[in-house]
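Summary of the model geometry
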Amino acid sequence: MATAKIRLYVDHPLGQGQTIPLNRDQAHYLFAVMRLGVGDAVLLFNGRDGEWRAQVVEAGKRGGLLRAEERMQDLQMPPDLWLLFAPIKKARTDFIVEKAAEMGARRICPVQTDFTNAERIRQDRLQAHAVEAAEQCGGTFVPEVCALQKLGQVLANWPKDRQLMFCDEARAGRSSALAGGLAKGPWAILIGPEGGFSEVERERLHALPFTHAVSLGPRILRADTAAVAAMTLWQQALGDWQ
Ligand code: SAH
């Protein structure tokens, strides 16, 4: 039996002896692209039951069957961090979702701000990017990609106990990042679009009791860079990098 190096996300319960039917795409990937055959091993996760080593029981062109044999990792939840970002151009939005999944966001929320150009997003495509990132980075959890919502609406329904790290380009160059002494617990990061935040948005955000406005250094970063930089800072100060 080949050692399991291939990781696959399946939307199916995983447990000892559980059989998992494969759809056409999964069968194509495992048997045509990766050249696995009956008896070979593959690692599976579903975002809930940890990581399982499974064996190929049937390998066909249009489908197949796996059997879960041994739990290799327990489910590891990332910290309770949401990434809120204004969608930008397609490739850069894909990048933000991929990096947020790798960096350990629990939820990824595209938000429409005053200067956001995108009117809609492909939620299913972005979710697929989050799955792929989890497959690749060894994660056992897949962050949910939310539907596009207006920033005003998100703030109006804000959960009381969640802190917001507001990455405000107007603070670029001012005293730096996350101040010390902040409470751990539920947090969110907010990154604006290429055009930045409007003055109205900025005023509203600053007035909210759960907002912590931060600078990401003296240079203005592109939104995709800013998202990765902000998550790095947060993970270091309050997340699971400690
Ligand atoms: N067009 C704007 C910049 C937008 S950058 C301008 O020229 O001012 C896109 C987003 O990245 C910003 O809305 C902010 O959330 C984040 N960002 C980029 N650089 C930053 C910095 N130095 N400090 C804080 N946030 C920053």
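Please refer to the structure higher up on the page.
Residues numbered from 1 in each chain as written. Predicted model: local features only at pLDDT ≥ 70, side-chain atom pairs only at ≥ 80, totals over all residues. Heavy atoms only, no water.

1. Let's talk about the environment of Pro-186
Along the chain, Pro-186 turns up in the loop between β10 (163-167) and β11 (187-191). When sequence neighbours within four positions are dropped, the list of residues in contact with Pro-186 reads Asp-80, Asp-161, Arg-162 and Gln-163. (Helix = DSSP H or I, 4+ residues; strand = E, 2+ residues; numbered from the N terminus. Contact = heavy atoms within 4.5 Å.)

2. Points about the packing of helix α2 (residues 90-103) against helix α3 (residues 123-137)
Any two packed helices are characterised by how steeply their axes cross, that is the angle between the axes, and by the distance between the axes. Contact geometry for α2 and α3: axes closest at 8 Å, N-to-C directions at 45°. Of the possible angle classes, the one that applies to α2 and α3 is oblique. In terms of crossing hand, the pair formed by α2 and α3 is right-handed. Touching Lys-90, Thr-93, Asp-94, Val-97, Glu-98, Ala-101 and Glu-102 of α2 are Arg-125, Leu-126, His-129, Ala-130, Ala-133, Gln-136 and Cys-137, all from α3. Partitioned by chemical class, the residues of the contact of α2 with α3 number 6 nonpolar, 3 polar and 5 charged. (Axes fitted to C-alpha atoms, helices over the stretch in contact; angles between N-to-C directions. Parallel < 35°, antiparallel > 145°, perpendicular 65-115°, else oblique. Left-handed = near helix turned anticlockwise from the far one by under 90°. Nonpolar A, V, L, I, M, F, W, Y, C, P; charged D, E, K, R; others polar.)

3. Let's talk about helix α5 (residues 199-207)
Side chains of residues three or four places apart in an α-helix project in the same direction, reflecting 3.6 residues per turn. Among the residues making up α5, those that are buried are Glu-201, Arg-202 and Leu-205. Angularly, the buried residues of α5 cover 100° about the axis, an arc narrow enough to put them on a single face. More than 90 degrees from the buried face of α5, the exposed residues found are Val-200, Glu-203 and Ala-207. Those residues of α5 that are buried are in contact with α4 (151-156), β10, β11 and β12 (211-214). (Buried < 20%, exposed > 50% of the residue type's maximum accessible area, 1.4 Å probe, protein only. Arc of directions from axis to C-beta.)

4. With respect to the site of the ligand
With respect to spatial proximity, 20 residues lie near the ligand, and among them Cys-167, Glu-169, Glu-194, Leu-216 and Arg-219 are the closest. Contact between the ligand and Glu-169: an oxygen atom at 2.7 Å from a side-chain N or O atom of the residue. Here the ligand has 560 Å² of accessible area as a free molecule, and 84% of this is covered by the chains. When grouped by side-chain class, the residues that make up the shell around the ligand number 11 nonpolar, 5 polar and 4 charged. (Near = heavy atom within 4 Å. Polar contact = N/O pair within 3.5 Å; in protein donor to acceptor, adjacent residues only side chain to side chain. Areas by Shrake-Rupley, 256 points an atom, 1.4 Å probe, with all protein chains shown as cover.)

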